[in-house]
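The chain contents come next:
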Amino acid sequence: MGYKEQIQLDRIPRHVAIIMDGNGRWAKRQGLARMFGHRRGVETVHNITEVAAELGVSYLTLYAFSTENWNRPKEEVDALMALLVDTIVKETPTLMKNNIRLQAIGDLARLPKVTYDKFLSCIEQTSGNTGLVLVIALSYSARWEIIRSTQMIAEAVKEGKMLVEDINEEVVSSYLTTSDIPDPDLLIRTSGELRISNFLLWQLAYAELYFTDCLWPEFTNEEFYHAIVDYQHRERRFGKTSEQIR
Ligand code: IPE
Ligand code: IPE
Ligand code: MG
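Residues numbered from 1 in each chain as written. Chains lettered and ligands numbered in written order. Predicted model: local features only at pLDDT ≥ 70, side-chain atom pairs only at ≥ 80, totals over all residues. Heavy atoms only, no water.

Novice: Could you clarify how one ought to interpret the sheet that holds strand 4 (residues 133-140) in this entry?
Specialist: Paired through backbone hydrogen bonds, the strands of a sheet run either parallel or antiparallel to each other. One open sheet accounts for six strands, arranged 3-4-2-1-5-6; its pairing is parallel. Edge positions in the sheet fall to strand 3 (101-105) and strand 6 (208-211), since each has one partner strand and no second. Direction aside, the axes of adjacent strands within the sheet are offset by 20° on average. Across five bridges, strand 3 lies against strand 4 in parallel orientation. Paired with Gln-103 across the bridge in strand 4 is Val-135. (Pairing = 2+ DSSP bridges. Helix = DSSP H or I, 4+ residues; strand = E, 2+ residues; numbered from the N terminus. Axes fitted to C-alpha atoms, helices over the stretch in contact; angles between N-to-C directions.)

Novice: Just checking my understanding: could you explain the side chain of His-15 for this structure?
Specialist: Looking at the element boundaries, His-15 is found in strand 1 (residues 15-19). Judged by its relative accessible area of 2%, His-15 falls in the buried class. Here the side chain of His-15 touches Thr-61 through a polar contact of 2.7 Å, side chain to side chain. Setting aside its immediate chain neighbours within four residues, His-15 contacts Tyr-59, Leu-60, Thr-61, Ile-181, Pro-182, Asp-183, Pro-184, Asp-185 and Leu-186. (Buried < 20%, exposed > 50% of the residue type's maximum accessible area, 1.4 Å probe, protein only. Polar contact = N/O pair within 3.5 Å; in protein donor to acceptor, adjacent residues only side chain to side chain. Contact = heavy atoms within 4.5 Å.)

Novice: What am I meant to see in the site of ligand 2 here?
Specialist: Around ligand 2, the neighbouring residues are Ile-19, Met-20, Asp-21, Tyr-63, Ala-64, Phe-65, Ser-66, Asn-69, Arg-72, Arg-189, Arg-195 and Ser-197. Taking Arg-72, its side chain carries an N or O atom lying 3.3 Å from an oxygen atom of ligand 2. The separation between an oxygen atom of ligand 2 and a polar side-chain atom of Ser-197 is 2.6 Å. When isolated, ligand 2 has an accessible area of 390 Å², and the protein chains bury 78% of it. When residues in the shell around ligand 2 are grouped by element, the largest group, four residues, is from strand 2 (residues 59-66). Tallied by class, the residues present in the shell around ligand 2 amount to five nonpolar, three polar and four charged. (Near = heavy atom within 4 Å. Areas by Shrake-Rupley, 256 points an atom, 1.4 Å probe, with all protein chains shown as cover. Nonpolar A, V, L, I, M, F, W, Y, C, P; charged D, E, K, R; others polar.)

Novice: Help me out: how do you make sense of the site of ligand 1 in this one?
Specialist: If you check the shell around ligand 1, you find Met-20, Asp-21, Gly-22, Asn-23, Gly-24, Arg-25, Arg-34, His-38, Ala-64, Asn-69, Arg-72 and Leu-80 and nothing else. At 2.8 Å from an oxygen atom of ligand 1 is found a side-chain nitrogen or oxygen belonging to Asp-21. Between Gly-22 and ligand 1, the recorded distance is 3.4 Å, taken from a backbone N or O atom to an oxygen atom. Notes on ligand 1: free accessible area 380 Å², of which the protein chains cover 87%. Looking at the shell around ligand 1, the elements with two or more residues in it are helix 2 (23-29) and helix 3 (34-55). Sorting elements by how many residues they give to the shell around ligand 1 places helix 2 first, with three residues. A breakdown of the residues in the shell around ligand 1 according to their chemical character gives three nonpolar, five polar and four charged.

Novice: In this structure, what is going on with a nonpolar patch on the surface? I would like to understand it.
Specialist: A contiguous nonpolar patch, built from Ile-146, Leu-201 and Trp-202 and spanning about 230 Å² of accessible area, is present on the exposed surface. Residue position: Ile-146 is located in helix 6 (residues 142-158). Among the residues examined, Ile-146 registers a relative accessible area of 32% and is labelled partly exposed. (Patch = residues over 30% accessible without salt bridge, like charges linked within 9 Å, V, L, I, M, F, W, Y side chains within 5 Å. Salt bridge = Lys/Arg side-chain N within 4 Å of Asp/Glu carboxyl O.)

Novice: What should I look at first to understand the pairing of strand 2 in this one?
Specialist: If a strand is regular, its side chains alternate between the two faces of the sheet. Burial analysis of strand 2 places seven of its eight residues in the buried class, which makes it a mostly covered element. In this structure, strand 2 lies alongside strand 4, joined through seven bridges in parallel fashion. Each bridged residue has a counterpart across the sheet, and for Leu-62 the counterpart in strand 4 is Ile-136.

No statement about biological role is implied by the geometric values presented.
Set out below in structure tokens:
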């Protein structure tokens, strides 16, 4: 039996977040330049987005470019920004066809103008869609986000709009870029790296983590189903005892 058949459709994770890693290594293994891996990675994005929508996942967050990725060689950064533009133009009809709404989190002001404009126009165009919410983390890092929210909260206190003792989990969450998005239930990272790399540090507090050696360009739909099945076999206790949650 394939993994798809093993999925319990009434227990689909509401929010799946993915650290899409291994494009460069995939290309290198084929004797190709890193950009070939990124281009191939876009095909995986296309497939996994469609499959997630089909399964009834409500939110899919994809880590596409981190704050730290700005430190890569300029040629790779420029080529990635151009690839993002091509992809968004090419994929907007797919998003419309599948009733998918695009959102972006991160320091978007750092993006080249054309990349920023294309993203904004796709976000606008898909804003009325009611199916899967596809969140792209772009120029994103969790520490950047936490610093930004701390500054905004401090500002609110300074202006007398909030008391220090009013600051609680809900308040902090509401100042993050993910304020209107529930926390991820499942985090997938490809390429065998066992780390978080500055992704959604606050929001992942109780996420189930799934690591696979598979490189992102070769992450198939079947691999995605496998991750969902694995997730469905976990017991999420949120600090309680097993007996309490049964
Ligand atoms: C992930 O693949 C994509 C981005 C970070 C933009 P990598 O480019 O990190 O691929 P590896 O890790 O070098 O194989
Ligand atoms: C994490 O991948 C960021 C994205 C997938 C966009 P990296 O390849 O940048 O992570 P590290 O440097 O190996 O931790
Ligand atoms: Mg990497």
